[in-house]
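One-letter residues, chain by chain:
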Amino acid sequence: MKRELSWPGCEILLAEGAVEFAWPGIAFVQFAVAECAEASLRPRSPDGEGQLVFRFRAARPDTADLIVVRVAVPAAEVPEARDLVAELHHDHGVPDRPADEDGAARLEQVPDEARDWLLAPSGPASAELFAHVMDRIENDPR
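Below is a short write-up of the structure. Given the structure is predicted, the values throughout are model-derived calculations rather than measurements.

The tally for this structure, following the rule as stated, stands at six salt bridges. A salt bridge links Glu4 to Lys2; the nearest nitrogen and oxygen atoms lie 3.8 Å apart. With its nearest N and O atoms 2.6 Å apart, the salt bridge here joins Arg42 to Glu38. In the salt-bridge network here, residues are joined through shared partners; they are Arg3, Glu80 and Glu87.

Okay, the nonpolar core next. Residues Ile12, Phe21, Leu52, Phe54, Val71 and Leu88 are the most contacted members of the largest nonpolar core, which totals 26 residues. Each residue touching Phe21, except ones within four places of it in the same chain, is listed here: Glu11, Ile12, Ala27, Phe28, Val29, Phe31, Phe54, Phe56, Val69 and Val71.

Looking now at the packing of aromatic side chains. Throughout the structure, instances matching the rule amount to six aromatic pairs. With centroids separated by 6.2 Å and ring planes inclined at 10 degrees, the aromatic side chains of Phe21 and Trp23 adopt a geometry described as stacked. The same class applies to Phe21 as to Trp23, namely buried. Ring centres 5.1 Å apart and planes at 70 degrees place the aromatic pair Phe21 and Phe54 in the edge-to-face group. One end of the pair, Phe21, is in strand β3 (residues 18-23); the other, Phe54, is in strand β6 (residues 50-57), with 33 residues separating them in the sequence.

Moving on to the sheet that holds strand β1 (residues 3-7). Where strands meet in a sheet, backbone hydrogen bonds hold them as pairs that are either parallel or antiparallel. Strand order in the open sheet formed by four strands is β1-β2-β3-β4, and the pairing between neighbours is antiparallel. Whereas interior strands pair on both sides, the edge strands pair on one side only; in this sheet they are β1 and β4 (27-32). Taking each pair of neighbouring strands and ignoring which way they run, the sheet shows an average axis angle of 10 degrees. The pairing of β1 with strand β2 (residues 10-15) spans five bridges and is antiparallel. Opposite Arg3, over in β2, you have Leu14 as the bridge partner.

About the cut-offs
- Residues numbered from 1 in each chain as written.
- Predicted model: local features only at pLDDT ≥ 70, side-chain atom pairs only at ≥ 80, totals over all residues.
- Heavy atoms only, no water.
- Salt bridge = Lys/Arg side-chain N within 4 Å of Asp/Glu carboxyl O.
- Core = buried A, V, L, I, M, F, W, Y, C linked by side-chain atoms within 4.5 Å.
- Buried < 20%, exposed > 50% of the residue type's maximum accessible area, 1.4 Å probe, protein only.
- Contact = heavy atoms within 4.5 Å.
- Phe/Tyr/Trp six-rings, centres within 6.5 Å; stacked < 30°, edge-to-face > 60°.
- Helix = DSSP H or I, 4+ residues; strand = E, 2+ residues; numbered from the N terminus.
- Pairing = 2+ DSSP bridges.
- Axes fitted to C-alpha atoms, helices over the stretch in contact; angles between N-to-C directions.

Here it is as structure tokens:
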């Protein structure tokens, strides 16, 4: 079965064992449904806007790294997004579970005002730099 979601700035397609995300003119990414470790729809704002959160296993099977995709969903599209998530759960066995501590920590790196976001595993040097910068920001006496 093919399911498409689309609104200005974002398109999502579920078909032929894959989930595709397109931000026209900006980016396109495709993942195998079999690699989806989470699909959930969360509230985003009081006006009914939602947020789709997907976690996919990284390409290397010897790692627990996950790639996280967050997509803001306009209030009018929330019912369709809910149906997409339900289809992933029931027809494809994708779990709906809250992010683990590591996943939650990674999502904290994403600015709250960001409507859509793609977060992939970073190397140790990048993670160390991020922690150092955040520490300096939090402890800056200015």
